[in-house]
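# Overview (structure and organization)
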Amino acid sequence: MTVSKSNQLWATAYHEAGHAIASIHLKVGIGRLGVSIVPSEGTAGTCHTLKGFRGSPELETTDLMRLGAEKRAIILFAGPAAQRKYRATSIRNYHGHSDRNRAIDLINRFVGSNRELEAYINLLRIRAEQLVANPSGWRTIEAVSAALFERKRLTAQEVKDIHLACLFPNGVPRLEV
């Protein structure tokens, strides 16, 4: 593997790990297809998350639907944020473009103007950056990206296990009954 290909694969691993850890942190969950850095259908990698919200925002919007859309948008922004924190020079103008467009599509259903949409999207992007910058979040993203680089695919359970191992390096505390 060339250095350039290796660097690209690492950047993708960090990007997808960012999505995965944000999914766990926000309690959205990772879908049965898990996380992968195997290229497919025009993407360098994928993180399959569970559905962000239920309902038909075209017909009616609720606070619960809006919260689900916010979580999903933060998850979408966490990928590019993790890639940028890993190596800012690995980001190109097209990286995260589909993530941003999907976040805009989600949030646009809940706002009344482009000005409000822009402000809302900026707030959610900042929240994603803060989640990634949090020391425990970043430690977990590093561990998941290393496992992804090595194995190329992780199940939802494998990501959860890595997350728990990072949170509790001495083992998950047991409750005494």
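Our structure is the block above this text.
In short, a report on the structure. No experiment lies behind these values; they were computed from the predicted model shown.

Thresholds, definitions, all that
Residues numbered from 1 in each chain as written. Predicted model: local features only at pLDDT ≥ 70, side-chain atom pairs only at ≥ 80, totals over all residues. Heavy atoms only, no water. Pairing = 2+ DSSP bridges. Helix = DSSP H or I, 4+ residues; strand = E, 2+ residues; numbered from the N terminus. Core = buried A, V, L, I, M, F, W, Y, C linked by side-chain atoms within 4.5 Å. Buried < 20%, exposed > 50% of the residue type's maximum accessible area, 1.4 Å probe, protein only. Contact = heavy atoms within 4.5 Å. Lys, Arg positive; Asp, Glu negative; His and termini not counted. Salt bridge = Lys/Arg side-chain N within 4 Å of Asp/Glu carboxyl O.

Pairing in this open sheet of three strands is antiparallel, and the strands run β2-β1-β3 from one edge to the other. The sheet terminates laterally at β2 (46-49) and β3 (153-154), the two strands that pair on one side only. Bridge analysis of strand β1 (residues 30-36) against β2 gives three bridges, and the strand direction is antiparallel. Counterpart to V35 in the pairing with β2 is C47.

This next bit is on the nonpolar core. Membership of the largest hydrophobic core comes to 47 residues, with the highest contact counts inside it found for I107, I141, V144 and V159. Counting only elements with at least two residues in this core, the list comes to α1 (3-25), β1, α2 (63-86), α3 (97-108), α4 (114-133), α5 (135-151) and α6 (156-167). In terms of residues, this core owes the most to one element, α2, which gives ten residues. Look past the residues within four positions of V144 in its chain and what remains in contact with it is A17, I21, L154, V159 and I162.

With that settled, the discussion passes to the side chain of D99. Looking at where D99 falls in the secondary structure, it is placed in helix α3. Here D99 is buried and forms no salt bridge, its nearest opposite-charge partner R102 lying at an N-O distance of 4.1 Å. If we skip the residues at most four places from it in the chain, D99 touches H15, H19, L76 and P80.

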